[in-house]
Amino acid sequence: MAEEHKVACGFCGFVTPRSGLGLDISSSPDISWTHHYRAVYCTGPNDSEPRLSGVGCYTSSSAQNGVPLKPHQRFDDVDLNPLPLVVIRDVSPPGPEIPDTEKETYSWGFKFHDACWSLLVQASAPRSVDIKLLWRILLSVPCAYGVPNWGHTYGGLYYGTRKDPTRGEHFALLGLNSHLIVPSTFSDPFKVPELDAMIAKLRIDRDESQDADSRGIPLHRDSKSNDSFAILPFELKEMLLTYLNSEDVAHLRLASREMAAVSLSQHFFQSRFWPGQEFEVAFDGLHLTPSDKRKTDWKHLYHEMKKRRNGNMVFLGERNRQRIWKQTIKPLVAAMDRLSEMSELKGSSEWKLDLELEGEADWKLIKSQRSINNESSNELRRRVLRAEVELPPAIVEAVYISFMSFFGTRHITGLRISFYGGEEAEIGYISTRSEEKLRAGGFLEGLHAAVAEYGIRAFALRTSQLSEFLEWAGDFDDALPQMSVKTNKGPIRKIRAAFDGFRMQALLIT
Ligand SMILES: [Zn+2]
C-alpha cells in the first residue's frame, strides 16, 4: 500500500485504515479522530524548508488523501473551497524513480493525528513547536512503514525485535502491525469525554470573598523570626509555590513556618496541571473557557486525580494519552529543548568523501555500524552532514566532548579541542552545558571510540603523552564495539566528521 493511501501516526503508531483485523466496528469506540491528521513535510528534493500542514481528513473512498497547505486550515473549512491539498507521497525525498518533471512538486514527510499533534503542542507550552528542530530529529531517526523508529514498539502495535541493547543496538521494526488489539489505542488521546465530564461536575460558584478566604489567617509573627520568607507578601509566596513541583512544595512548607502558613489556593491547585508539573498530562481543565476555568474546583480535582492515580483508575483515552506522552512526546520535547541549545554545525563542509571507501589512504576512519549505509540514510535518501577542521601544530590541553541525550541514550554531537596558547578547534554541534573534559597534555595523535548502532557513544584520546589506562568521556561500556585510529605519523592535522541532525556518525583523521 502506498504511503499516501494510509495514515500512520508518528507519535501513537496507529495506522488508518486498520487492515486484516476483521474488526467489528460496531462494538469499537468512535475512531473518527484517527482520520484527522497533519503532516510535517517538504516539497521537492530539498530538505531545508519543512512546513506544518493544516488538518486533513482520511477517506477510504478517495484515491489520494491530502492535507491543507497552511497550519490554520482544516479540511472542513467552508470558505476555502476547493482547498488546495498537499499529498504526502513518502517519508523520503524523491528518488531516481521519480521523473525530473515531478520532483519539484513531490511532497514528502511525516503524518501525525491532529489529536496526537495537540499533545505535542500541550507538552511544548508555553513555547510553540519548532518545526525545524522537529524536522531535524525526524530526519535523524530510522523509519519503517511510515513511522519513525523511536526505539519502542508503540505500546505493542508493532513487532519489535530486540537485538543486543548492551551493544547499543535498538530493535528494528519488522511488521506493519503486530495484530495485537490494544483497546486504548482506539481512543482519542486528546479529548477524553469521561475526563471532561468528571471536571464539569467539579464546579463551584467562586466569588471574590472565597478567593480572599483562601489567603488564610495571617501568621502571628514573632518579631525575632529569622524566616526569610516573612518579608514576602502573600501573592509572592503563593507565586513561588505555584512554580515549584509538588515534592519541593512539601519540603519548603516543612522548612518554613511562613510558607506553611500560606493556605493553598485554587490557583495553586490549578498550577499542579501546568506543563512540567505533577498532573501535566491531565491538562483538560486548562482548555476550558476562562469562566468555566474560574468555576472549577481545582483543589477537589487535584485530590480526585491523586485518588485515581493511587487506585490506577484510568479511562481508555487517558491511558492512550499517557502511553504516547511518556513513550514519545516527553522525550521528544526534551530532545528538542536540548537541540535548541546546541550550536550550528561547526567546521567547513567543503569535503566530499565516499565513506564507503573506508577513507582515503591518509585518512583513518571510525564510523557507527549503521550510520552511513542504513535505512536512515541510503535507502531513505537522507542527507549526511559533513564538517572538517584543521588543527594547529600545538600541544593539546584538553578535548571537550559535547553530548545529547535522546530517548534515554547519550550520543556524541561534537568536539572542542583546546590548545596550549589559547587556540581552539571545533567540529560538530557544540553544547558547552553538556561537555565532558578529557585532559591531554601532549600532541593529539589519535582517538579510541566506543561505537553503537546509531552514533558514537564514547571517546578516549591517544596522545604523545603515554598513559597507563584510557580515560573515557561518554557512556563507555565494554560490550560496545571499539575502534581506534592513529595518524601515520605525528599529530592529527585535520579532522573530518559526518553527522545526522545531531549525532556524530563517523570521524576521520589525518
Ligand atoms: Zn496518533
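Everything numeric here is computed off the predicted structure, so don't read it as measured data.

### Regarding the overall build of the chain
For the chain, the count of helices and strands is 12 helices and 25 strands. Buried positions account for 38% of the 510 residues belonging to the chain. Of the contacts made within the chain by residues no fewer than 6 positions apart, 67% connect residues no fewer than 24 positions apart.

### Some thoughts on helix H3 (residues 131–138)
Think of an α-helix as 3.6 residues a turn; residues three or four steps apart then line up on the same face. Buried within H3 are the following residues: Leu133, Leu134, Trp135 and Leu138. Buried residues in H3 make contact with strand E3 (36–43), strand E9 (107–113), strand E11 (147–148) and helix H12 (316–340).

### Quick notes on the pairing of E3
Of all the eight residues making up E3, seven are buried; the element is thus mostly covered by neighbouring parts of the structure. The pairing of E3 with strand E5 (residues 56–57) spans two bridges and is antiparallel. Bridged to His36 within E5 is Cys57. As paired strands, E3 and E9 are joined by seven bridges and run antiparallel to one another. The residue of E9 that forms the bridge with Cys42 is Trp108.

### Notes on the confidence of the model for the chain
Predicted confidence across the chain gives a mean pLDDT of 85, with 84% of residues reaching 70 or more. Across the chain, element-level confidence peaks in strand E4 (residues 51–52) with a mean pLDDT of 98 and bottoms out in helix H5 (residues 208–213) with 46. Low pLDDT, under 50, characterises residues 212–217; the predicted model gives this stretch eight contacts beyond four residues in sequence or across chains. A low-confidence stretch, residues 372–378 (pLDDT under 50), is modelled with 20 contacts involving residues beyond four sequence positions or located in other chains.

### Regarding the environment of Ala458
Locating Ala458 in the fold gives a position in strand E21 (residues 455–463). On the basis of neighbour counts, which here come to 23 C-beta atoms within 10 Å, the residue Ala458 falls in the buried class. In the structure, Ala458 is positioned 22 residues away from Leu480 in sequence and 9.5 Å away in space, judged by C-alpha atoms. Those residues within four positions of Ala458 in sequence are excluded, and the remaining contacts are Ala449, Ala450, Trp472, Ala473, Gly474, Asp475 and Phe476.

### Quick notes on the pairing of strand E16 (residues 396–406)
Regular strands place side chains that alternate from one sheet face to the opposite one. By the criterion of burial, E16 is predominantly enclosed, with eight of the 11 residues buried. Bridge analysis of E16 against strand E17 (residues 409–419) gives 10 bridges, and the strand direction is antiparallel. Looking across to E17, one finds that Phe403 is bridged to Ile412. Hairpin geometry of E16 and E17 is characterised by an intervening segment of two residues between the two adjacent antiparallel strands and by a positive phi of about 50° at Phe407. Sheet topology places E16 next to strand E19 (residues 436–442); five bridges connect them, and they run antiparallel. When the bridges of E19 are listed, Val399 appears paired with Leu438.

### Some thoughts on the sheet that holds E19
Strand order in the open sheet formed by four strands is E18-E17-E16-E19, with antiparallel pairing between adjacent strands. Of all strands in the sheet, those with a lone pairing partner are strand E18 (424–428) and E19, marking the two edges. Each adjacent strand pair in this sheet contributes to an overall mean axis angle of 20°, direction not counted.

### Things to note about the sheet that holds strand E14 (residues 364–367)
One open sheet holds the four strands; their spatial order is E14-E25-E24-E15, and the pairing between them is antiparallel. Among the strands making up the open sheet, the edge pair consists of E14 and strand E15 (385–390). Put simply, the sheet's adjacent strands are angled 15° from each other on average, direction ignored. Across four bridges, the pairing between E14 and strand E25 (residues 504–509) is antiparallel. By the bridge assignment, Ile366 is partnered in E25 with Leu507.

### Some words on unusual backbone geometry
Each neighbour pair has its own omega, and for Thr16 with Pro17 the value is -5°, a cis peptide bond. Note that Pro17 resides in the loop between strand E2 (15–16) and E3. The omega angle of the peptide bond from Ala125 to Pro126 is 5°, so this bond is cis rather than trans. Despite not being glycine, Tyr154 has its phi angle at roughly 55°, a positive value. Among the secondary structure elements, Tyr154 is positioned in the loop between E11 and strand E12 (160–161). Here the phi dihedral of Phe407 falls at roughly 50°; this positive angle occurs in a residue that is not glycine. By the secondary structure assignment, Phe407 is in the loop between E16 and E17. On the neighbour-count criterion, Phe407 (17 C-beta atoms within 10 Å) is partly exposed.

### Regarding helix H11 (residues 298–310)
In this model, H11 (13 residues) spans 18 Å end to end at C-alpha, consistent with the 18 Å of a helix rising 1.5 Å per residue. Where H11 ends, the next residue or the one after it, Asn312, has phi of about 50°, a positive value.

### Some details on the packing of H3 against H12
H12 packs onto H3 with a crossing angle of 110° between their chain directions and a minimal axis gap of 10 Å. As the angle between them shows, H3 and H12 are arranged roughly perpendicular. Contact with H3, carried on its side by Leu133, Leu134, Arg136 and Ile137, involves Leu332, Ala335, Met336, Leu339 and Ser340 of H12 and no other residues of that element. Taken together, the residues of the contact of H3 with H12 sort by class into seven nonpolar, one polar and one charged.

The rules behind each value
Residues numbered from 1 in each chain as written. Predicted model: local features only at pLDDT ≥ 70, side-chain atom pairs only at ≥ 80, totals over all residues. Helix = DSSP H or I, 4+ residues; strand = E, 2+ residues; numbered from the N terminus. Buried ≥ 20, exposed ≤ 12 C-beta atoms within 10 Å, placed from the backbone. Contact = placed C-beta atoms within 7 Å. Pairing = 2+ DSSP bridges. pLDDT = per-residue confidence, 0-100. Axes fitted to C-alpha atoms, helices over the stretch in contact; angles between N-to-C directions. Expected span 1.5 Å × (residues − 1). Parallel < 35°, antiparallel > 145°, perpendicular 65-115°, else oblique. Nonpolar A, V, L, I, M, F, W, Y, C, P; charged D, E, K, R; others polar.

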